Amino acid sequence: MNPSSPRTGARPVVRTVQGLVTSDGGGVTLTRLIGTAHLDLVDPFLMLDAFGSDAPDDYLAGFPSHPHRGFEAVTYLLAGRMRHKDSAGHEGVIEPGGVQWMTAGRGIVHSEMPEQENGLLMGFQLWIDLPAAHKMDPPAYQEFSAARIPVEPLDGGGRVAVIAGTTDGGTTGPAANAHTQPLYLDVQLPPDGAFAQAVPDTHGGFVYVISGTAECGPERVVLDTGTLAVLG
């Protein structure tokens, strides 16, 4: 990846998906957006799950101990609390606005269980492939509370929380990954607000609408809530 070679002009939207409602772990209801027969991957992203419910039966079973190997699992929580624990003795609680960036490397057994019995639990888990030369690296963690995620105000209103990478405005997120040099942004816009960001030509990319409606790309493709757009 070469972050010094941004594209000129806006990337087109080459595909949109709504995702597949399914369950995973102990029976957590979620929507799988990447990693299905409809959209198997957006290299190097292997899977993207979105979960969000205030019905305890949808999430209380959590994700009991399960193995990971050869990729990274990034959990970003918007609401609720999730306790994670692993076979290497690492344990903690992700709270709203917090991020856990786990590099599974050569292998680890990991669990993620809700730290609540009611209320809204909402967030995402993204899986990022590791290069072949690094699939057997030791497991590692980066964990950041909401207070450690920088927020950049946007001209005309709105803001962008910067989890990884650097915005055109110069704000750099705390999560670092030398292998894929990711750019992970959570953008909030007012009605009729706009956001543009340079992305290296070598990077795959996508946009997901958490809430509301957005227009994306030079074609101004309309994306509704829950829609993922793959960028060309």
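Just so it is clear, the structure is predicted and the values come from calculations on it, not from any experiment. (Residues numbered from 1 in each chain as written. Predicted model: local features only at pLDDT ≥ 70, side-chain atom pairs only at ≥ 80, totals over all residues. Heavy atoms only, no water.)

**As for the overall build of the chain**
In terms of regular secondary structure, the chain is built from zero helices and 19 strands. Dimensions along the principal axes, computed over C-alpha positions, put the chain at roughly 45 × 40 × 40 Å. The 232 residues of the chain split such that 40% are buried. Of the contacts made within the chain by residues no fewer than 6 positions apart, 67% connect residues no fewer than 24 positions apart. A total accessible area of about 11,300 Å² is found for the chain, and carbon and sulfur atoms account for 52% of it. Taking the average place of the 13 positive charges on the side chains of the chain and the average place of its 26 negative ones, the gap between the two points comes to 6 Å. (Helix = DSSP H or I, 4+ residues; strand = E, 2+ residues; numbered from the N terminus. Buried < 20%, exposed > 50% of the residue type's maximum accessible area, 1.4 Å probe, protein only. Contact = heavy atoms within 4.5 Å. Areas by Shrake-Rupley, 256 points an atom, 1.4 Å probe, with all protein chains shown as cover. Lys, Arg positive; Asp, Glu negative; His and termini not counted. Charge placed at Lys NZ, Arg CZ, Asp CG, Glu CD.)

**Digging into the sheet that holds strand β8 (residues 91-94)**
Taken in spatial order, the four strands make up an open sheet running β5-β10-β7-β8, and their pairing is antiparallel. Of all strands in the sheet, those bounded by a partner on one side alone are β5 (63-68) and β8. Taken over all neighbouring pairs, the strand axes of this sheet differ in orientation by 20° on average, direction set aside. Two strands pair when backbone bridges link them, and strand β7 (residues 82-86) and strand β10 (residues 108-114) are joined in this way by five bridges, in the antiparallel orientation. Each bridged residue has a counterpart across the sheet, and for H84 the counterpart in β10 is E112. (Pairing = 2+ DSSP bridges. Axes fitted to C-alpha atoms, helices over the stretch in contact; angles between N-to-C directions.)

**A look at the side chain of D186**
Structurally, the position occupied by D186 is in strand β15 (residues 184-188). Of the buried charged residues, D186 lacks a salt bridge, with R159 as the closest side chain of opposite charge at 4.0 Å. At a separation of 2.7 Å, a polar atom in the side chain of D186 contacts the side chain of Y76. (Salt bridge = Lys/Arg side-chain N within 4 Å of Asp/Glu carboxyl O. Polar contact = N/O pair within 3.5 Å; in protein donor to acceptor, adjacent residues only side chain to side chain.)

**Structural notes on the confidence of the model for the chain**
On average, residues of the chain score 92 in pLDDT, and 97% of them are at 70 or above. Predicted confidence is poor over residues 1-7, with pLDDT under 50, and the contacts of this stretch with residues over four places away or in other chains come to 19 contacts. (pLDDT = per-residue confidence, 0-100.)

**Overview of the pattern of salt bridges**
According to the stated counting rule, one finds seven salt bridges in the structure shown. With a closest N to O distance of 2.7 Å, D49 and R32 form a salt bridge. Taken together, the residues D49 in strand β4 (residues 45-53) and R32 in strand β3 (residues 28-34) connect sequence positions 17 residues apart. Given the relative accessible area of 4%, D49 is considered buried. According to the relative accessible area criterion, R32 is buried, its value standing at 14%. The network of salt bridges with shared partners includes D24, R32 and D49.

**Observations regarding the sheet that holds strand β13 (residues 151-153)**
Strand order in the open sheet made by the three strands is β13-β14-β15, with antiparallel pairing throughout. At either end of the open sheet lies a strand with only one pairing partner, and these are β13 and β15. Ignoring which end each strand starts from, the neighbouring axes of this sheet average 25° apart. Examined bridge by bridge, β13 and strand β14 (residues 159-164) share three bridges and lie antiparallel to one another. Bridging across to β14, V151 finds its partner in A161.

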